[in-house]
Each structure stands twice: as C-alpha cells, then as structure tokens.
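# Remarks on the overall topology
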Amino acid sequence: MKELVLSRQYAVIALDGLESLHPSVAKSAVIRAIAAAKVLEEVMYTEAESDPAVFIPKLNEAVEAAKDLGKKGAKQIEEEMAGLLEADGLMEQIPDILGCDMDYYTAGVELKAYRSDEDTYIRIREGLRAEILEEGVISTECAVLLWLLRESGCIHDLFSVSEQDQVQRRMTDAAAENEIFRAMWQTEFHSAVESFAGRFLRAKHNLFKNPYLEGVNLIFPYLERRKAIFIDFVVLGTDVQSRRIAVMEHLSKMGHYVEEVKSGSETLLKIDNAYYRIFPTVKRAYKVPIQGANLVPVYQM
Amino acid sequence: MSRQRSMETIEKSEYVTIGELVRLTGVRYSTLKFYTEEGMLHFEQAEENLTRRYKREESVERITYIRQMREQKITIPEIKAILKSE
C-alpha cells in the first residue's frame, strides 16, 4: 500500500461519492478541509507535530486558510487533488448515482461523481476507526484526520451513533492530557460552510445528531453527502429478488460497482463505497403509476 | 501522543496493533474485532487497559487463511472448528 500524506488520505475518504462537475455545500466543506490539511502538512511528519508552540499557530493558520478560501481557489484545489489521486489510480470519475434516478436519467442530465479506490478507501477508513475505537495511544495524524472529517460533516460515513459517543469520550480524554488535541478539538471552521448553507443548516445543527433524526444533541454538523434515488422498471410478475437484480443491472450499466450484502434479515446494496437500503415503491406521474425501487442511503449502523 | 508508524516500520515489526493489521491486510476493523472476540485471532495484552498486540506474521497468515475459507463459502462456526482442530 502506498503511503499517502494527510491531505490525500483525507481526500480519498471525503471526496468519495461527491458530485464532481457542480458545486455543493458538502463539497465546499471538503475542499476547505483539504486546504487546512495542506497547511498542517507543513508541520506533520516532523518533530514539530508534537510541539504545541509550533503546531497551534499552524492550526490557526490552517483554519484561516479554510475559512478564507474563495471559489477560484477551491476549484484549483479540487482539480489539483483529484488530478493527483487520479494519476495514482486512487480515484476516478463515474456517473453520479443521482444520474440513475428516473427524473435525471430520463432528462439526460449529466452528473459525475468521484469514486475512491475501494482497497485504499477501506484501509484508511478502517485504520482510523481502529485507532480511535480501540484503547491505546492516538497519533497526531489520526486526530487531525478525525478533526478534518468532523469539520466537513463526514463523521456519519465512518461512525455509528453509539460509536460517535465513544469517539467523543476518547477525544475528550485525549484532549485532557494533550494541549495540541485540546486546541484542535476546540477549533472549528465549519461555520464558514454553514454561513454558505444558510440558516436552514444552522437550524439542523442545533437539532439533529444523525441522519435518521435520532437524538437532539448535535456534536458534529451533518451535510447531505449521499442521495436517495428512485429507479423505475418494467418487470411485472416478478419477486423481490429479481426486482433487486434488475436494479443492480441498471446500476452496473451506469458504471457502478454493485453487490448484495446481507445485514441480518434484510439485503442491502453496496454501491461503490456506500450502502443503500432498497425497497419497491410506486411513483405517480400525471396520475400514471410507475413501478420502481427506492434506494435510500444507509450510514454506519 | 505518538506518531503513526510508517508501513515500512510496520512490515518489519514483530508485533502490530489492530489498526496496523487493518492497514496491512485491508480487512475491516469490525471484522478483525469480531475474529478477535471469537478467539480466531490471538493477541497479547500486558494489562487490561493497554493496547492489544498481535504477532504480525502469524496474524496476517491467519487472516489470509480465514479469507480463503470465507471465499470457499465456509461458515464462521466451521472456520472456528477448523482453526481449533489445527
């Protein structure tokens, strides 16, 4: 496995599944975090990463870089990062899953999304999960990665609701012992993204802890990173499994990696690096019923 | 606080953490945790609150072996029985 610097590790996790051709709030948050990661890289992997006198001013500089990032700068960072990862075979652009939705598909709208290399994605994501959720020392690299993911609303992609409590406890303990972690945990730049998103997101921030609306104490901001879609099909007189296969064939034709994953009594679909719950439904257009299936994103359970 | 070990260092180490095993094998953390809890993967732990340490070579070999058996559609209880009998 190739060793990746902080900003690239973060980009592999955070850019995965995001639409590449058009701007979005979720992508704006990710690009800001990449800008911050690039500043922090100047002190990472050296002795300075454990020296608060050097690291904390750099952290402030990173936050300023993230907050002040303009549209032009953001586009440049996105293109540069995507280009580097694509050159290394760690990322590719595929048709966005939203483009498989009946309304978008039939309208001929072109939507593309980033897809990270699955093996690299799993190694980075699961490595981070293991280091945070297991007892033991937390490295600065891991803490910075977690902080960047928190600030860009990616926490739900990595940790379940109960795990988020565990993460919070681990980081609170680590912050009590370590000045750098304490400073980092108190620092935020997601407000810059929120002002862009407007009051609606701020209201959400105060209300929701996770995408399923459970709980009221929001620890991390939540951004819409995944999309629910509707796929229509004409397969009359078939069972649930063959309908699911019809959906899988359609998604494969559109360039996605799709596989069935058993989760207890239900079968989920793993599409690229994300999981979806699938259920048959009927949509009406001009009073005409259209048979199809809904795909709803499933976050960490 | 410590620095994350490079892959080069990990690949030469006698003992690794579960996070490093994830990086070495590409197997999910939750899967390795499950294997550990089911006694399919052995570890050493000096004290209860200290990090679990896995023998690198032995663990990587065992994970590869388990993966091969899973690919042959052998169930977890069967794999456990096979590992126990060896």
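Because the structure is predicted, anything quoted here is derived from the model rather than measured.

Residues and elements named next belong to chain A. The domain architecture assigned to chain A consists of domain 1 (6–198) and domain 2 (229–298). With centres defined by C-alpha atoms, the gap from domain 1 to domain 2 works out at 30 Å. Counting residues at the interface gives 14 residues for domain 1, matched by 14 residues for domain 2. Mapped onto the side of domain 1 that touches domain 2, the elements with two or more residues apiece are strand 1 (91–95), strand 2 (112–116) and helix 6 (118–133). For the side of domain 1 that touches domain 2, the per-class residue count stands at seven nonpolar, three polar and four charged.

Okay, unusual backbone geometry next. One non-glycine residue, K287(A), adopts positive backbone phi at about 70°. Relative to the assigned elements, K287(A) resides in the loop between strand 6 (274–285) and strand 7 (288–298).

Residues and elements named next belong to chain A. Strand order in the open sheet formed by five strands is 3-7-6-5-4, with antiparallel pairing between adjacent strands. Single-partner strands in this sheet number two, and they are strand 3 (229–232) and strand 4 (258–263). Adjacent strand axes in the sheet meet at a mean angle of 45° when their direction is disregarded. Here four bridges tie strand 3 to strand 7, and the two strands are oriented antiparallel to one another. Pairing of F230 across the sheet is with N294, part of strand 7.

Opposite the 16 residues of chain B that make contact, chain A presents 22 residues. Looking at which element gives the most residues to the side of chain B that touches chain A, the answer is helix 2 (residues 18–25) of chain B, with four residues. Of the residues that constitute the side of chain B that touches chain A, the class distribution is five nonpolar, eight polar and three charged.

What counts, and at which threshold
- Residues numbered from 1 in each chain as written.
- Chains lettered and ligands numbered in written order.
- Predicted model: local features only at pLDDT ≥ 70, side-chain atom pairs only at ≥ 80, totals over all residues.
- Domains from an automatic or database assignment.
- Contact = placed C-beta atoms within 7 Å.
- Helix = DSSP H or I, 4+ residues; strand = E, 2+ residues; numbered from the N terminus.
- Nonpolar A, V, L, I, M, F, W, Y, C, P; charged D, E, K, R; others polar.
- Pairing = 2+ DSSP bridges.
- Axes fitted to C-alpha atoms, helices over the stretch in contact; angles between N-to-C directions.

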